[in-house]
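As a plain string of letters, each chain reads:
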Amino acid sequence: MTESPQRNRPDSPGSMSGGDDSRGSSLSKRGGGSPASRGRTTIADGVVEKIAGMAARDVSGVHAMGSGISRTFGAMRDRVPGGGKSVTRGVNAEVGESQAALDLEIVVEYGVAIADVAADVRENVVAAVERMTGLEVVEVNIAVSDVKLPDEDDDDDESESRVQ
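Model, not experiment: these values are computed from the prediction.

*Asks:* Before we go on, may I ask you to explain the overall build of the chain in this structure?
*Replies:* Looking only at helices and strands, one finds four helices and six strands in the chain. For the chain, the α and β elements follow one another from N to C terminus as β-α-β-α-β-α-β-β-α-β. Here the contacts in the chain between residues at least 6 apart in sequence split such that 75% fall between residues at least 24 apart. Counting every atom, the chain has about 10700 Å² of accessible surface; 49% of that belongs to carbon and sulfur.

In structure tokens, the structure reads:
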């Protein structure tokens, strides 16, 4: 797994403009502006990926996230002690200074309207990411990689162990 680069973003755009400050000269002598405008907040791509992954999984009709290969490797990783489930499986984020773009790969359940599920996922992801990070989500691309049929075995379900 590769680490995504982190980008800095000012907490309040335009706060470093150096223009006339209407709050008085005493604040500008002691550090310039309100405490909230001093410094930057960095949000890593992985943070946005986790938020988007959780929001997408909350939508009814989404069976799983990721392609068949990533789900297979994920199922093996889940069985390894300490491996845990990957919330970011099937999610890729690009985070800029004030905007984010997301690519999601989902598996839908058979019988649901794919266009409706995609719209619900898009809406839920945008709301969650914008609310939690303050970033503007400029696009959420959704690729439906598979449909879960009712009679198919599920790789993500815990199977009963052969040994006791």
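*Asks:* What am I meant to see in the packing of helix α2 (residues 45–57) against helix α4 (residues 114–133) here?
*Replies:* Relative orientation and spacing of two packed helices are given, respectively, by the angle between their axes and the distance between those axes. Packing of α2 against α4 leaves a shortest axis separation of 8 Å and a crossing angle of 140°. Considering the angle they form, α2 stands oblique to α4. By crossing handedness, the relation of α2 to α4 is classed as right-handed. Of the residues in α4, those in contact with Val48, Ile51, Ala52, Ala55 and Ala56 of α2 are Val121, Asn124, Val125, Ala128, Val129, Met132 and Thr133. Along the lines of polarity and charge, the residues of the contact of α2 with α4 split into 10 nonpolar, two polar and no charged.

*Asks:* I'm lost on the nonpolar core in this one. Help?
*Replies:* Judged by nonpolar contacts, the single largest core of 27 residues is most densely connected at Val48, Leu102, Leu104, Val121, Val125 and Val129. Looking at this core, the elements with two or more residues in it are α2, β3 (62–65), β4 (91–95), β5 (99–109), α4 and β6 (136–148). In terms of residue count, the dominant contributor to this core is α4 (six residues). If sequence neighbours within four positions are ignored, Val121 has contacts with Ala56, Val59, Val62, Leu104 and Ile142.

*Asks:* I'm lost on the environment of Glu130 in this one. Help?
*Replies:* Position of Glu130 relative to the elements: it lies in helix α4. Note on Glu130: relative accessible area 33%, which makes it partly exposed. For the pair formed by Glu130 and Ile51, sequence separation is 79 residues and the distance between their alpha carbons is 9.9 Å. Beyond its immediate sequence surroundings of up to four residues, Glu130 is in contact with Leu135, Glu136 and Val137. Of the polar contacts made by the side chain of Glu130, one reaches the backbone nitrogen of Val137; its length is 3.0 Å.

*Asks:* Help me understand the environment of Gln99, please; the structure alone is not making it clear to me.
*Replies:* Examined against the element boundaries, Gln99 turns out to sit in strand β5. What makes Gln99 partly exposed here is its relative accessible area of 36%. Distance in space between the C-alpha atoms of Gln99 and Glu139 is 9.4 Å, their sequence separation being 40 residues. Ignoring anything within four residues of it in the chain, the contact list for Gln99 reads Glu94, Leu135, Glu136 and Val138.

*Asks:* What is the right way to look at the confidence of the model for the chain in this model?
*Replies:* In the predicted model, the chain carries a mean pLDDT of 79, and 63% of its residues have values of at least 70. Per-element confidence in the chain is highest for α4, whose mean pLDDT is 98, and lowest for helix α1 (residues 25–29), whose mean pLDDT is 51. Low pLDDT, under 50, characterises residues 14–19; the stretch is placed with two contacts to residues that sit more than four places away or in other chains.

*Asks:* Would you mind going over α2 with me for this structure?
*Replies:* Note: α-helices contain 3.6 residues per turn, so residues at a spacing of three or four share the same orientation. Taking 1.5 Å of rise per residue, the 13 residues of α2 would be expected to cover 18 Å, and the 18 Å separating its terminal C-alpha atoms lies within 8% of that figure. When α2 is considered as a whole, its buried residues turn out to be Asp45, Val48, Glu49, Ile51, Ala52, Gly53, Ala55 and Ala56.

Conventions we followed
- Residues numbered from 1 in each chain as written.
- Predicted model: local features only at pLDDT ≥ 70, side-chain atom pairs only at ≥ 80, totals over all residues.
- Heavy atoms only, no water.
- Helix = DSSP H or I, 4+ residues; strand = E, 2+ residues; numbered from the N terminus.
- Contact = heavy atoms within 4.5 Å.
- Areas by Shrake-Rupley, 256 points an atom, 1.4 Å probe, with all protein chains shown as cover.
- Axes fitted to C-alpha atoms, helices over the stretch in contact; angles between N-to-C directions.
- Parallel < 35°, antiparallel > 145°, perpendicular 65-115°, else oblique.
- Left-handed = near helix turned anticlockwise from the far one by under 90°.
- Nonpolar A, V, L, I, M, F, W, Y, C, P; charged D, E, K, R; others polar.
- Core = buried A, V, L, I, M, F, W, Y, C linked by side-chain atoms within 4.5 Å.
- Buried < 20%, exposed > 50% of the residue type's maximum accessible area, 1.4 Å probe, protein only.
- Polar contact = N/O pair within 3.5 Å; in protein donor to acceptor, adjacent residues only side chain to side chain.
- pLDDT = per-residue confidence, 0-100.
- Expected span 1.5 Å × (residues − 1).

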